[in-house]
Amino acid sequence: MKIFNSMTGQKEELNPLHPGQFNIYACGPTVYNYFHIGNARPFIVFDTLRRYLEYRGYKVNFVQNFTDVDDKMIRVASEEGITVKELGERYIGEYFKDAKALNIRPATVRPKATEHIGDIIALVKKLVDTG
């Protein structure tokens with residue numbers, strides 16, 4: 001199977017870094033509202049890729065994050081008189097309901113951005129430092 005490599009700008013054969021296993025990271029929703037069809041498309045695409053790789057016999061570790069803090073969330077939470085965490089938890093629950101209705105399998109790991117702020121800062125610093 002060939003897949004587009006955004007770093008090289010080429011379609012390339014998809015090969016695992018580790019024999020028999022793929023690790024996939026995909027951005028998940030920013031949980032300030034219900035997700036819409038534009039949000040659903042990449043969720044479905046990555047779920048389809050995961051299922052295909054598993055069908056081919058690969059073990060797949062699929063990580064999809066929840067962005068559970070950003071300016072939109074702060075604004076909406078303030079308008080509703082609730083905390084950003086309460087808003088995030090509500091829409092994470094709604095995401096799972098909608099994903100289940102679309103038959104999208106849950107990710108192997110589902111980190112929340114707020115649980116990894118230090119890691120995010122370190123990664124961005126590393127990216128900036130390496131150009």
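For the structure, see preceding data.
From a predicted model like this one, the values you see are computed outputs, not experimental measurements. (Residues numbered from 1 in each chain as written. Predicted model: local features only at pLDDT ≥ 70, side-chain atom pairs only at ≥ 80, totals over all residues. Heavy atoms only, no water.)

K.L.:
What is the right way to read the overall build of the chain from this model?
P.N.:
Tallying secondary structure elements over the chain gives four helices and four strands in all. Taken from N to C terminus, the helices and strands of the chain fall in the order β-β-β-α-β-α-α-α. Buried positions account for 27% of the 131 residues belonging to the chain. Of the contacts formed within the chain by residues at least 6 apart in sequence, a portion of 69% connects residues at least 24 apart. By element, 57% of the accessible surface of the chain is carried by carbon and sulfur atoms, the whole surface being about 9100 Å². The chain carries 18 positive and 16 negative side-chain charges, and their two centres are separated by 7 Å. (Helix = DSSP H or I, 4+ residues; strand = E, 2+ residues; numbered from the N terminus. Buried < 20%, exposed > 50% of the residue type's maximum accessible area, 1.4 Å probe, protein only. Contact = heavy atoms within 4.5 Å. Areas by Shrake-Rupley, 256 points an atom, 1.4 Å probe, with all protein chains shown as cover. Lys, Arg positive; Asp, Glu negative; His and termini not counted. Charge placed at Lys NZ, Arg CZ, Asp CG, Glu CD.)

K.L.:
What exactly am I supposed to notice about the environment of Gln-10 here?
P.N.:
With respect to the secondary-structure elements, Gln-10 resides in strand E2 (residues 10-13). On the basis of relative accessibility, which here comes to 47%, the residue Gln-10 falls in the partly exposed class. Separated by 49 residues in sequence, Gln-10 and Lys-59 place their C-alpha atoms 25 Å apart. Discounting chain neighbours no more than four positions away, the residues touching Gln-10 are Ile-3, Phe-4 and Asn-5.

K.L.:
What should I look at first to understand the pattern of salt bridges in this one?
P.N.:
If charged atoms from side chains of opposite charge come close, those side chains can pair. Here the structure, examined in full by the defined rule, presents eight salt bridges. Notably, a salt bridge pairs Arg-51 with Asp-47, separated by 2.7 Å at the nearest N-O pair. With Arg-51 and Asp-47 both in helix H1 (residues 37-55) and four residues apart, the pair spans about one turn of that helix. The shortest N-O distance in the salt bridge between Glu-80 and Arg-90 comes to 2.5 Å. Taken together, the positions of Glu-80 in helix H2 (residues 71-80) and Arg-90 in helix H3 (residues 84-101) put the pair 10 residues apart, joining distant regions of the chain. What you see here is one network of salt bridges that share partners, running through Arg-50, Glu-54 and Arg-105. (Salt bridge = Lys/Arg side-chain N within 4 Å of Asp/Glu carboxyl O.)

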